[in-house]
Structures are given as C-alpha cells and as structure tokens.
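Structural overview
This is what each chain is made of:
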Amino acid sequence: QVQLVESGGGLVQPGGSLRLSCAASGSIFIISVMGWYRQAPGKQRALVAAVTSAGSTSYAGSVKGRFTISRDNAKNKVQLQMNSLEPEDTAVYYCYVDHRGTDGRDYRYWGQGTQVTVSS
C-alpha cells in the first residue's frame, strides 16, 4: 500500500499563487507517474498536470504557462506551483501516483484531496 498526503490548499485572490505538495509513503517499489487532477463542483475530475520519473511533464491546456509541476524522486514528492490563479481554478485538487509493485502489477493511488478556492 502507498499513502499520499497532500498539503497547501486554501483561499487565494485572483492573480495570486499557491503551491500544492504531495508526499508518498508506504510500500513503495516503483512510481512511474505523479500528478494532479482536480474536480470542480458539478464537473468531472480532470487531469491538471503530470510528471514522469524521467522528468517529462504534461499539462492541461487551461493551466499551461501558469502551473508548474515538479518532482523529487528521492523523497517521493510532487509539487504543483500555481500562479496567476483564476476563479475557474477553484476545485478540489487530488494528487495521484501510478505505482508498480514487486508483483509487477500497476495501481493508481489517490490523495484525500485539498480545496483550492480562488475568490476576491
């Protein structure tokens, strides 16, 4: 089992910044991808950003140029730096990891979610 603990959400004014962090712990063997999804009220959960173990990143079009994802492989941590936040970024943000166990099976683990509210 892999546990994910998120931190860094909160209330921020439009144009402001927040940094989300997520730390993985437990029986970790290989983590291939780490990333973030978000879910706004009444909407489906959607991918925000992801980073591979090699450092390749991908972003949703709506956040490209404003958000930056980074990863510390040694500490099994992933961060999401969010700048120029807009009210449309308001959502619950979920960290995830794609993990391969020693049995060769892949499984996606999720964090508990952290609320980000962008409002004046």
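My aim in this report is to walk through the structure given alongside it, one point at a time.

Quick notes on the rules
Residues numbered from 1 in each chain as written. Predicted model: local features only at pLDDT ≥ 70, side-chain atom pairs only at ≥ 80, totals over all residues. Heavy atoms only, no water. Salt bridge = Lys/Arg side-chain N within 4 Å of Asp/Glu carboxyl O. Helix = DSSP H or I, 4+ residues; strand = E, 2+ residues; numbered from the N terminus. Buried < 20%, exposed > 50% of the residue type's maximum accessible area, 1.4 Å probe, protein only.

**Regarding the pattern of salt bridges**
Pairs can form between side chains of opposite charge once their charged atoms are near each other. Using the criterion set out here, one finds five salt bridges in the structure. For D89, the salt bridge is made with R38, and the minimal N-O distance between the two is 2.9 Å. Highlighted residues: D89 in the loop between β8 (77-82) and β9 (91-100) and R38 in strand β4 (residues 30-39), separated in sequence by 51 residues. Of the two residues examined, D89 and R38, each falls in the buried class. For E86, the salt bridge goes to R66, with nearest N and O atoms at 3.9 Å. Here R66 lies in the loop between β6 (57-59) and β7 (67-72) and E86 lies in the loop between β8 and β9, a separation of 20 residues in the sequence. E86 gets classed as partly exposed once you look at its relative accessible area, which sits at 34%. The exposure class assigned to R66 is buried, which follows from its relative accessible area of 11%. Each of the salt bridges in this network shares a partner with another, and the network as a whole consists of R38, R66, E86 and D89.

These values are about where atoms sit, not about what they do.
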